[in-house]
Amino acid sequence: MSEGIATPINNKIDYFVSDLHLGASYFMDPREHEKRVCEWLRSIAPTAGRLYLLGDVLDYWFEYRYVVPRGFVRFFGALAELADSGVEVTWIIGNHDIWIFDYLPSELGIKVVDGVLDTMIGGRRFVMAHGDGIGRIPAKERLMRAVFRNRLCQRLFAAVHPRWTVGIAYAWSAHNRRKHHAGPTAMPLPVGPLEQWVKVRQSADSSSHPVDFYVFGHYHTVVDRVVSGARLIVLGDWITNMSFGEFDGREFRIHRVQGSEK
Ligand SMILES: [Mn+2]
């Protein structure tokens, strides 16, 4: 999917963040976590040209036709404020916030993308995706992705009363987290599937402007390395890394939120 050419907005800075997992049941103090996210959003407001959210921003979200889940009030407010002030906000859905339909884009004034975003930013080519479903992934994960994205399955899910589904979704997310990340000291996940995908894409890409940056989330680890002549960036998360990316039109840098212990 190609998104055409975007030009820098008044020399402003473009920000990239992923895996905030707002609302996750494993946060000791979910309100404090949301507050930190909102503080960061306000801190970038004066300089931000664009903001890219690379998925798993919410730990669970499902838009029903007439109602939406509770929570996230401050976060949505801060995001809407950014969008209203003229910041272009793009939200690439992840595997936790798959079910954003028409409500959030229209209510917040943001763009929602499902899949890979291939776009020019300030004369550089960026290919961005959440990162699940990228590269060689286990068959079980592939099947889950297909079910979660299937329209019929979504309709059936929407027909079940949320009193059952919401609790199960949060419990399942916490269970997955325990399984894949034993804690803050757990080894970061290797990003082999991303590297492989970038290599294949780079060797097949014959367009006049090669890709400068591949940016992903999902892996909850910070990566910034050169792969097949392009920069492979994995943004980290807001569970242990408190990290985000910043592009000033020349350089891409990963920062950590000030005051975070890591
Ligand atoms: Mn993810």
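Before reading further, recall that the structure is shown in the block above.
Computed from a predicted structure; not experimentally measured.

A. Representation of the sheet that holds strand β5 (residues 111–113). Here we have 6 strands laid out as an open sheet, ordered β5-β4-β3-β2-β11-β12, and mixed in their pairing. The sheet is open, and its two edges are formed by β5 and β12 (252–256), each paired on a single side. The sheet shows a mean angle of 20° between the axes of neighbouring strands, taken without regard to direction. As paired strands, strand β2 (residues 13–17) and strand β3 (residues 48–53) are joined by 5 bridges and run parallel to one another. Counted as the bridge partner of Val 17 is Leu 53 from β3. Sitting on the sheet, helix α1 (residues 30–44) touches β2, β3 and β11 (243–247), and the angle it makes with β3 is about 150°. The strands touched by helix α2 (residues 73–84) within the sheet are β3 and β4 (88–92), with β4 carrying the most contacts at an inclination of about 135°.

B. Inspection of the pattern of salt bridges at higher detail. On inspection of all chains with the given rule, the structure shows 11 salt bridges. The shortest N-O distance in the salt bridge between Arg 125 and Asp 205 comes to 3.2 Å. Taken together, the residues span a long stretch of sequence, with Arg 125 in strand β7 (residues 124–129) and Asp 205 in the loop between α7 (192–204) and β8 (213–216) at a distance of 80 residues. Under the relative-accessibility criterion, Asp 205 is labelled partly exposed at 27%. Asp 248 serves as the salt-bridge partner of Arg 253, at 3.7 Å between the closest nitrogen and oxygen. With a relative accessible area of 36%, Arg 253 lands in the partly exposed category. A residue is classified by how much of its surface remains accessible, and Asp 248, at 23% relative accessible area, is partly exposed.

C. Main features of unusual backbone geometry. Backbone geometry places His 21, a non-glycine residue, at a positive phi of 50°. Tracing the chain through its elements places His 21 in the loop between β2 and α1. Phi at Phe 72 takes a positive value of approximately 65°, unusual for a residue other than glycine. Among the structural elements, Phe 72 can be located in the loop between β3 and α2.

D. Just the packing of aromatic side chains, in detail. This structure, assessed with the given rule, holds 29 aromatic pairs. Both rings, one in Trp 40 and one in Phe 244, keep their centres 5.0 Å apart while their planes meet at 50°; by these two values the pair is tilted. Of this pair, Trp 40 sits in helix α1 while Phe 244 is found in strand β11, placing the two residues 204 residues apart along the sequence. On the accessibility criterion, Trp 40 (6% relative accessible area) is buried. Owing to a relative accessible area of 7%, Phe 244 belongs among the buried residues under this scheme. A ring pair is formed by Phe 75 and Trp 91, whose centres lie 6.4 Å apart and whose planes are at 75°; its orientation type is edge-to-face. One end of the pair, Phe 75, is in helix α2; the other, Trp 91, is in strand β4, with 16 residues separating them in the sequence. In this structure Trp 91 comes out as buried when scored by relative accessible area, which is 0%. One aromatic cluster in this structure is built from Tyr 60, Phe 62, Tyr 64, Trp 99, Phe 101, Phe 148, Phe 157, Tyr 170 and Trp 172.

Cut-offs used in this document
Residues numbered from 1 in each chain as written. Predicted model: local features only at pLDDT ≥ 70, side-chain atom pairs only at ≥ 80, totals over all residues. Heavy atoms only, no water. Pairing = 2+ DSSP bridges. Helix = DSSP H or I, 4+ residues; strand = E, 2+ residues; numbered from the N terminus. Axes fitted to C-alpha atoms, helices over the stretch in contact; angles between N-to-C directions. Contact = heavy atoms within 4.5 Å. Salt bridge = Lys/Arg side-chain N within 4 Å of Asp/Glu carboxyl O. Buried < 20%, exposed > 50% of the residue type's maximum accessible area, 1.4 Å probe, protein only. Phe/Tyr/Trp six-rings, centres within 6.5 Å; stacked < 30°, edge-to-face > 60°.

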